[in-house]
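Close look at the chain arrangement
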Amino acid sequence: STTTTAEHTIAMIFALARRIPSANQSTKSGQWESDHFLGVEVSGKTLGVLGAGKIGRLVIERALALKMKPLVYDPYLTEDTVRLLGAEQVDFEGLLAKSDFLTLHTPLNVETANILNTETLARIKPGCHIINCATGGLIDELALADAIKSERVAGAAIDVFEKEPPAADNPLLKLDQVVCTPHLRTATRDAQVNVTVQVANQVVD
C-alpha cells in the first residue's frame with residue numbers, strides 16, 4: 001500500500017496548493033468565485049520530507065517529476081543515501097526553515113510524538129503548508145490550528161488524527177485552510193488487492 005499512500009500525499013499537496021476542496025464546495029453551492037481561490041504552483045517549491053522510508057522515498061520520486069526541490073530530515077539515513085534519492089539532506093531546523101510544503105512520513109514513537117508543536121511551528125517557514133498522511137500524534141493539533149489562524153502556516157492537509165474519528169470540536173475541522181480526509185491513505189482498490197495477495201503469498205510461504 002506504499003504507492004497508494006504516496007499518491008494520496010501528492011493529491012493532498014495539490015488540494016492545498018490549488019484550494020480544490022473549497023473551490024468545489026463553492027461551485028456546487030452556486031457560486032462562481034474564480035478570483036477568490038488564488039493558489040500557488042508546486043513547481044519550484046521546496047518539499048520538506050520528514051522521514052524517507054518506503055513511502056517518503058516514493059513521495060520524493062513523484063515530487064521530482066513535479067519539479068519540486070525535496071529536502072530530507074531522517075537521522076537514520078546517510079547523506080549519500082539521501083543524495084541518491086535526488087534530495088538534499090538537512091537537519092530538523094533546516095527542514096522547518098526552508099520547506100514550502102512539509103510532509104510527514106515517520107512512525108509515532110517517543111522521538112516523534114508531537115514533533116510539530118507550538119515551539120517547532122513557531123520556527124517553521126512562514127506560509128508553509130503541512131501534510132500528514134503518516135499517523136496521528138505527530139502534530140499537536142491545537143498548536144497547528146493556532147499557527148494557521150495566525151497565518152504562520154498557510155494550510156494543512158490531514159488524513160490521520162490523534163483521535164479517530166476526530167472530536168466534533170477539533171479546531172482543525174472548522175478551518176477553511178485545512179483539508180481533511182478520513183484515513184484514506186491506503187483506501188484504493190489496488191492497494192487492497194495488493195495487500196491481500198501479499199498476505200496470501202506469505203501464508204503459503
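A brief report on the enclosed structure follows. All values reported here derive from a predicted model rather than from experimental measurement.

1. A word on the overall build of the protein
The secondary structure content of the protein amounts to 8 helices and 7 strands. Here the C-alpha radius of gyration of the protein, 17 Å, is about what a compact globule of 205 residues would show, namely 17 Å. Principal-axis analysis of the C-alpha atoms places the extent of the protein at approximately 55 × 35 × 35 Å. Within the protein, buried positions represent 42% of all 205 residues. Within the protein, counting contacts between residues at least 6 apart in sequence, those at least 24 apart form 64% of the total. Of the accessible surface of the protein, which amounts to about 11,200 Å², a share of 53% is contributed by carbon and sulfur atoms. Averaging the coordinates of the 19 positive side-chain charges in the protein and doing the same for the 25 negative ones gives two points 4 Å apart.

2. What about helix 7 (residues 141-149)?
Regarding helix 7, the residues found buried are Glu 141, Ala 143, Leu 144, Ala 145, Ala 147 and Ile 148. Summarising the contacts, the buried residues of helix 7 are in contact with helix 6 (118-121), strand 5 (128-132), strand 6 (153-158) and strand 7 (178-180). The positive-phi residue at the C-terminal boundary of helix 7 is Glu 151, with phi of around 70 degrees.

3. What to know about the pattern of salt bridges
If the charged atoms of two oppositely charged side chains come close together, the side chains can form a pair. With the rule as written, the count across this model stands at 6 salt bridges. Close ionic contact of Asp 100 with Lys 125 constitutes a salt bridge, the shortest N to O distance being 2.7 Å. One end of the pair, Asp 100, is in the loop between helix 5 (92-98) and strand 4 (101-104); the other, Lys 125, is in the loop between helix 6 and strand 5, and 25 residues separate them in sequence. A relative accessible area of 29% means that Lys 125 is categorised as partly exposed.

4. Points about the pairing of strand 4
Side-chain alternation along strand 4 places Phe 101 and Thr 103 on one buried face and Leu 102 and Leu 104 on a second face that is also buried. Across 4 bridges, strand 1 (residues 46-50) lies against strand 4 in parallel orientation. Each bridged residue has a counterpart across the sheet, and for Gly 48 the counterpart in strand 4 is Leu 102. As judged from the 4 bridges shared by strand 4 and strand 5, these two strands associate in the parallel manner. Pairing of Leu 104 across the sheet is with Asn 132, part of strand 5.

5. Quick word on the sheet that holds strand 6
Pairing in this open sheet of 7 strands is parallel, and the strands run 3-2-1-4-5-6-7 from one edge to the other. On the outer flanks of this sheet lie strand 3 (88-89) and strand 7, each paired with one strand and no other. Strand direction decides the pairing type here: strand 5 and strand 6, joined by 5 bridges, are parallel. Looking across to strand 6, one finds that Ile 131 is bridged to Ala 157. The sheet contacts of helix 7 involve strand 5, strand 6 and strand 7, and relative to strand 6 the element is tilted by about 140 degrees.

6. Focus: a nonpolar patch on the surface
There is a patch of nonpolar side chains on the surface, built from Val 195, Val 199 and Val 203 and spanning about 240 Å² of accessible area. A relative accessible area of 32% means that Val 195 is categorised as partly exposed.

7. What to know about the nonpolar core
Leu 116, Leu 121, Ile 130 and Leu 144 are the most contacted members of the largest nonpolar core, which has 29 residues in total. The set of elements that each furnish at least two residues to this core consists of helix 5, strand 4, strand 5, helix 7 and strand 6. Of the residues forming this core, the biggest block, 5 residues, is contributed by helix 7. Contacts of Leu 116, omitting those with residues within four sequence positions, involve Phe 92, Leu 96, Leu 102, Leu 104, Leu 121, Ile 130, Leu 138, Ile 139 and Asp 140. Counting 25 residues, the second-largest nonpolar core is a separate cluster that includes Ala 15, Leu 47, Ala 87 and Phe 101.

Conventions and cut-offs
Residues numbered from 1 in each chain as written. Predicted model: local features only at pLDDT ≥ 70, side-chain atom pairs only at ≥ 80, totals over all residues. Heavy atoms only, no water. Helix = DSSP H or I, 4+ residues; strand = E, 2+ residues; numbered from the N terminus. Rg over C-alpha atoms; globule rule 2.2 N^0.38 Å. Buried < 20%, exposed > 50% of the residue type's maximum accessible area, 1.4 Å probe, protein only. Contact = heavy atoms within 4.5 Å. Areas by Shrake-Rupley, 256 points an atom, 1.4 Å probe, with all protein chains shown as cover. Lys, Arg positive; Asp, Glu negative; His and termini not counted. Charge placed at Lys NZ, Arg CZ, Asp CG, Glu CD. Salt bridge = Lys/Arg side-chain N within 4 Å of Asp/Glu carboxyl O. Pairing = 2+ DSSP bridges. Axes fitted to C-alpha atoms, helices over the stretch in contact; angles between N-to-C directions. Patch = residues over 30% accessible without salt bridge, like charges linked within 9 Å, V, L, I, M, F, W, Y side chains within 5 Å. Core = buried A, V, L, I, M, F, W, Y, C linked by side-chain atoms within 4.5 Å.

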